[in-house]
Amino acid sequence: MDVHKNSIDIAIAEQGRDGQVRHYGKINGTLDALDKIVRKLISTDQQLHFVYEAGPCGYEIHRHLTAQGLDCAVVAPSMIPKPVGRQIKNDRRDALMLARLHRAGELTAVYIPRAEDEAMRDLTRAREDAKNDEKRSKQRLLSFLLRSGNRYTGGSPWSIAHMRWLSDIKMPHRSQQVVLQEYIDTVNQCGRRVQRLTEQIHQLLPEWQLFRIVQALQSMRGVSTIVAVTTVAEVGDLKRFHTPAELMSYLGLVPSEHSSGQKTKRGSITKAGNGHVRRVLTEAAWAYRLPARVSRALLKRQEDLPESICEIAWKAQLRLCSRYRRLWNKGKTKQVVVTAIARELCGFIWAIANEVEVPANA
């Protein structure tokens with residue numbers, strides 16, 4: 001199925017290498033229209049396997065079909081083999097290609113999160129969007145002030161003193177005064193929006209079935225509530241990765257490689273996979289630039305956690321803080337060092353997640 005907002009192109013590949021691959025037709029993008037086609041295909045007394053690409057339409061079709069006991073796979077668009085030299089692309093051909101490749105077993109299915117996990121993921125992404133809006137609104141305000149010749153010479157920006165300084169500014173023209181006030185109001189509104197979403201995360205988190213994993217991950221230095229909940233909500237079941245290297249590769253934190261024969265060439269990280277988790281883990285990695293220690297805040301987060309989890313967290317501190325210093329002394333740039341720390345941080349996150357027993361109904 002080639003799924004779009006208002007339409008679905010359907011192609012059928014019959015069983016067997018020599019089975020016919022044909023275009024069935026185009027239907028509306030509603031579930032009712034899909035159910036009508038499913039009833040017709042079921043009446044043929046054949047086993048059905050559905051497949052479509054992951055995209056902006058989400059997993060509604062997958063959940064709808066699997067609830068009826070049907071087999072449905074959602075595949076990663078980036079992992080679909082592309083014919084070399086193809087000059088014509090349309091919905092009909094895409095559906096035929098999906099049917100043919102799925103029959104041959106050449107497609108890679110993506111992980112489908114539970115509806116509850118996806119809801120928590122939407123909440124964390126909404127907070128991230130609000131933070132980005134706040135950052136852009138602050139940049140616009142500072143740029144406007146710089147053009148007007150107003151420079152803040154005090155301490156930390158966006159502190160109480162800075163906000164008072166903003167309120168005392170008098171622009172030479174009335175129109176500019178209106179612009180200044182609108183920019184200030186926008187910054188305040190974005191800040192309140194971030195605060196509201198953060199409060200909702202803290203309130204709804206204890207009701208989440210994966211709350212225990214989020215709690216356990218916070219035993220690590222630099223992994224606050226937002227970092228932990230974002231990681232778990234985006235990745236889902238961390239135990240589905242058999243090794244830490246699989247998780248590192250999934251998050252795009254492994255080096256790219258272009259080797260041939262006796263020549264080995266590795267480049268920057270692949271940046272494949274989930275960029276939201278890669279961003280928060282990179283931010284968390286900055287905490288390991290300081291000497292290893294269990295602060296008061298970290299000790300409070302480790303209360304009521306098993307000793308085995310706290311031991312892994314301390315082992316992570318000892319290794320990552322030492323590795324940060326070694327890489328820095330070798331002359332590596334800060335970005336390279338932090339990326340390397342974030343990659344190894346994935347391994348300790350995987351180890352802690354495997355120590356947590358998730359309830360059977362999760």
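How each quantity is defined
Residues numbered from 1 in each chain as written. Predicted model: local features only at pLDDT ≥ 70, side-chain atom pairs only at ≥ 80, totals over all residues. Heavy atoms only, no water. Helix = DSSP H or I, 4+ residues; strand = E, 2+ residues; numbered from the N terminus. Patch = residues over 30% accessible without salt bridge, like charges linked within 9 Å, V, L, I, M, F, W, Y side chains within 5 Å. Areas by Shrake-Rupley, 256 points an atom, 1.4 Å probe, with all protein chains shown as cover. Salt bridge = Lys/Arg side-chain N within 4 Å of Asp/Glu carboxyl O. Buried < 20%, exposed > 50% of the residue type's maximum accessible area, 1.4 Å probe, protein only. Phe/Tyr/Trp six-rings, centres within 6.5 Å; stacked < 30°, edge-to-face > 60°. Lys NZ or Arg CZ within 6 Å of the ring centre and 35° of its normal. Pairing = 2+ DSSP bridges. Right-handed = clockwise from strand over helix to strand, strands pointing away. Contact = heavy atoms within 4.5 Å. Axes fitted to C-alpha atoms, helices over the stretch in contact; angles between N-to-C directions. Lys, Arg positive; Asp, Glu negative; His and termini not counted. Charge placed at Lys NZ, Arg CZ, Asp CG, Glu CD. Parallel < 35°, antiparallel > 145°, perpendicular 65-115°, else oblique. Left-handed = near helix turned anticlockwise from the far one by under 90°. Core = buried A, V, L, I, M, F, W, Y, C linked by side-chain atoms within 4.5 Å.

## A closer look at unusual backbone geometry
In this model, Asp45 sits at a positive phi of 65 degrees, which is unusual for a non-glycine residue. Structurally, Asp45 is set in the loop between α1 (31–42) and β4 (49–53). Despite not being glycine, Lys271 shows a phi value in the positive range, around 60 degrees. Looking at the element boundaries, Lys271 is found in the loop between β7 (266–269) and α10 (275–285).

## A word on a nonpolar patch on the surface
Among the surface-exposed residues, Val294, Leu299, Trp314 and Leu318 lie close enough to one another that they form a single nonpolar patch of about 360 Å² accessible area. Looking at the secondary structure, you find Leu318 in helix α12 (residues 307–329). Judged by relative accessible area, Leu318 falls into the partly exposed class, the value being 45%.

## A look at the environment of Ala245
With respect to the helices and strands, the residue Ala245 is situated in helix α9 (residues 244–250). Assessed through its relative accessible area of 47%, Ala245 is described here as partly exposed. Residues Ala245 and Arg343, spaced 98 residues apart in sequence, show a C-alpha to C-alpha distance of 9.1 Å.

## What about the pattern of salt bridges?
Under the definition given, this model contains 18 salt bridges. The residue Glu14 makes a salt bridge to Arg22 at a minimum N-O spacing of 3.0 Å. Residue classification places Arg22 among the partly exposed positions, given a relative accessible area of 31%. The salt bridge involving Asp94 is made with Lys89; its shortest N-O contact spans 2.7 Å. Judged by relative accessible area, Asp94 falls into the buried class, the value being 4%. The exposed category is assigned to Lys89, whose relative accessible area is 58%. Look at the salt bridges and you will find they share partners, linking Arg63, Glu118 and Arg121 into a network.

## Considerations on the packing of aromatic side chains
All chains considered together, the criterion is met by three aromatic pairs. Ring plane angle 55 degrees and centroid distance 5.2 Å describe the contact between Phe241 and Tyr250, whose orientation is recorded as tilted. Judged by relative accessible area, Phe241 falls into the buried class, the value being 6%. Judged by relative accessible area, Tyr250 falls into the partly exposed class, the value being 29%. A cation sits over an aromatic face here: Arg240 above Tyr111, 3.9 Å from the ring centre. Above the face of the Tyr250 ring, Arg240 is positioned so that its terminal group lies 5.2 Å from the ring centre.

## A closer look at the pairing of strand β5 (residues 71–75)
The buried fraction of β5 amounts to four of the five residues, a majority that puts the element mostly inside the structure. Note that β4 and β5 share five bridges and pair parallel. For His49, the partnering residue across the bridge sits in β5 and is Asp71. For the segment spanning β4, helix α2 (residues 60–66) and β5, crossover handedness is right-handed.

## Focus: the sheet that holds strand β2 (residues 7–13)
Sheet strands associate in pairs through backbone hydrogen bonding, adopting either a parallel or an antiparallel arrangement. Spatially, three strands are ordered β1-β2-β3 in an open sheet, and the strand pairing comes out antiparallel. The sheet is open, and its two edges are formed by β1 (2–3) and β3 (21–28), each paired on a single side. Looking at chain direction, β2 and β3 are connected through seven bridges and run antiparallel. In the strand pairing of β3, Ile12 is matched with Arg22. Contacts from α1 reach β2 and β3 within the one sheet, and its direction differs from that of β3 by about 145 degrees. Each of β1, β2 and β3 touches helix α3 (residues 91–104); the most contacted strand, β2, lies at about 40 degrees to it.

## Some remarks on a positive patch on the surface
Together, Arg325, Arg326, Lys330 and Lys332 line one region of the surface with positive charge. Within the element layout of this structure, Lys330 appears in the loop between α12 and α13 (334–353).

## What about the packing of helix α8 (residues 225–235) against α10?
Put simply, α8 and α10 touch, their axes get as near as 9 Å, and they point 155 degrees apart. It follows from the interaxial angle that α8 and α10 lie roughly antiparallel. Seen from above, α8 lies across α10 with left-handed handedness. Each of Val227, Thr230, Thr231, Glu234 and Val235 in α8 lies in contact with α10, whose residues at this interface are His276, Val277, Val280, Leu281 and Ala284.

## Side note on the nonpolar core
Ranked by internal contacts, the top residues of the largest apolar core, which has 56 residues, are Trp208, Met220 and Leu281. A per-element tally of this core places α13 first, with 12 residues. Setting aside chain neighbours within four positions, we find Met220 in contact with Tyr288, Leu298, Arg301, Ala313, Ala316, Leu345, Phe348, Ile349 and Ile352. Core analysis: the next-biggest nonpolar cluster, separate from the first, contains 21 residues, Ile10, Tyr59, Leu65 and Ile112 among them.

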